[in-house]
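Working through the structure, step by step
These are the residues of each chain, in order.
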Amino acid sequence: MTARTPVSSCLTALCLGLATTALPMAAAAADLTVGFSQIGSESGWRAAETTVSKVEAEKRGITLKIADAQQKQENQIKAIRAFVAQGVDAIFLAPVVSTGWETVLAEAKEAEIPVVLLDRDIDPSGKDLYLTAVTSDSVHEGKVAGEWLVKTVAGKPCNVVELQGTVGASVATNRKKGFEDGIAGHANVTIVRSQTGEFTRAKGKEVMESFIKAEGGGKSICAVYAHNDDMMVGAIQAMKEAGLKPGSEVLTVSIDAVPDIFKAMAAGEANATVELTPNMAGPAFDAIVAFKEKGTVPPKWIQTESKLYTAADDPMKVYESKKDLGY
Ligand code: AHR
């Protein structure tokens, strides 16, 4: 870990009135220790993000300490406090929910430890408490999904059931809003049921079973929108067990682009997914290294891409290219 000393030049974050306080002496990437408060392992995407973070740290010779919060904000707060006590050089935080971070992030700021948010946001009131956020535009992801559905049903009536992510997570709120934006003005497409499936396969299946029951066996369901692919994989299973045909009778659109959704697409049981890269840590490490070495203040938001994939994209080829990446 590196010693931190204030620099006097006015090209620093401090002079610019930004999130962090003092800047460090130049530090080689290999000297850096980063603490990562990870949410848990609720989805294939999350598992891949953890794997990729380790790989990206190793590439740069950075020591990465990962704390698994098992979906609990209180565990994330404890982990951040432990990282502060250890004097790590930077903290990565994938915030399980968007509120309740002010106190602990103020403690990290007080200790002059820059914080980088990975894959989810916190409320705008906390903006001064972190250096940068590496995330996708999750409103856009939902919008892409909604627009795909509008285009695909081409004016036909379509009752949609929605599987939401973790309640209170920025990505769940945003993906819901984005989808609603995407279908706005198309009265033929209506969300008839919406409930959290907590981003897990098991819960996605369970909630889909209850949707099918509530919709008289599911025949009135035209499409399923899931905030992640894992919930969709669970929902596909539920539909098959109920005698429905996902991918043909019931359209599916979800987010993440994990290998299993491409397998389902190749089997004709899924229709579309919006990709979320699991490589959030790479750009985050680069930002931290530049900040530590040269005092370069990164943009407040480092945005990752969101690409739509459908059955037209040779799903088996995409599956092959992704299957060994830690999902
Ligand atoms: O924050 C990103 C989301 O968290 C992913 O889309 C989901 O799979 C994960 O659990």
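Scope of this entry: the structure provided in the associated data block. (Residues numbered from 1 in each chain as written. Predicted model: local features only at pLDDT ≥ 70, side-chain atom pairs only at ≥ 80, totals over all residues. Heavy atoms only, no water.)

1. Structural notes on the packing of helix H1 (residues 44–60) against helix H9 (residues 281–294)
Threshold: Each axis is a line fitted through C-alpha atoms, and for a helix only the stretch in contact is used; angles between axes span 0 to 180 degrees, taken between their N-to-C directions. We count a stretch as a helix when DSSP gives it H or I for four or more residues in a row; a strand needs E for two or more, and each element gets its number in order from the N terminus. Two helices crossing with the near one rotated counterclockwise from the far one by less than a right angle form a left-handed crossing, whereas a clockwise rotation gives a right-handed crossing. Any two residues whose heavy atoms approach within 4.5 Å at even a single point are treated as in contact. Only Asp, Glu, Lys and Arg are considered charged in this grouping, and only Ala, Val, Leu, Ile, Met, Phe, Trp, Tyr, Cys and Pro are considered nonpolar; every other residue, Gly among them, is considered polar.
Relative to each other, H1 and H9 sit at 35°, their axes nearing to 9 Å. Every pair of crossing elements has a handedness; the one defined by H1 and H9 is right-handed. Two secondary-structure elements touch here, H1 through Ser-53, Glu-56, Ala-57 and Arg-60 and H9 through Ala-281, Gly-282, Phe-285 and Asp-286. Its residues assigned to classes, the contact of H1 with H9 comprises three nonpolar, two polar and three charged.

2. Section: the packing of helix H2 (residues 73–86) against helix H3 (residues 102–110)
Basically, it comes down to this: In these notes the angle categories are as follows: under 35 degrees is roughly parallel, over 145 is roughly antiparallel, 65 to 115 is roughly perpendicular, and the rest is oblique.
Packing of H2 against H3 leaves a shortest axis separation of 10 Å and a crossing angle of 10°. It follows from the interaxial angle that H2 and H3 lie roughly parallel. Taking contact as the criterion, the partners of Ile-77, Ile-80, Arg-81 and Val-84 in H2 are, on H3, Thr-103, Val-104, Leu-105, Glu-107 and Ala-108.

3. Looking at the sheet that holds strand E8 (residues 223–226)
Short version of the rule: Strands are labelled as partners when DSSP assigns at least two bridges between them.
Strand order in the open sheet formed by six strands is E7-E6-E8-E9-E10-E12, with mixed pairing between adjacent strands. Across the chains shown, the open sheet's two edge strands, defined by having one partner strand only, are strand E7 (189–196) and strand E12 (308–310). Here the strands of the sheet are splayed against their neighbours by 20° on average, with no regard to which way each runs. Bridge analysis of strand E6 (residues 158–164) against E7 gives seven bridges, and the strand direction is parallel. Each bridged residue has a counterpart across the sheet, and for Asn-159 the counterpart in E7 is Thr-190. Docked against the sheet, helix H8 (residues 259–266) engages strand E9 (251–256), strand E10 (272–275) and E12, running at close to 155° with respect to E10.

4. Quick word on unusual backbone geometry
Here is the rule: Type-normalised accessible area, obtained with a 1.4 Å probe on protein chains alone, sets the label of each residue: buried when under 20%, exposed when over 50%, and partly exposed for intermediate values.
For Gln-71, which is not glycine, the phi dihedral falls at a positive 70°. Turning to its location among the elements, Gln-71 is positioned in the loop between strand E2 (63–68) and H2. Classification of Gln-71 by relative accessible area gives partly exposed; the value is 32%. If you check the backbone angles, Glu-112 has positive phi at about 65° while not being a glycine. Its location among the elements puts Glu-112 in the loop between H3 and strand E4 (115–118). Overall, Glu-112 belongs to the partly exposed group, its relative accessible area being 29%.

By themselves, these observations are geometric and do not establish any function.
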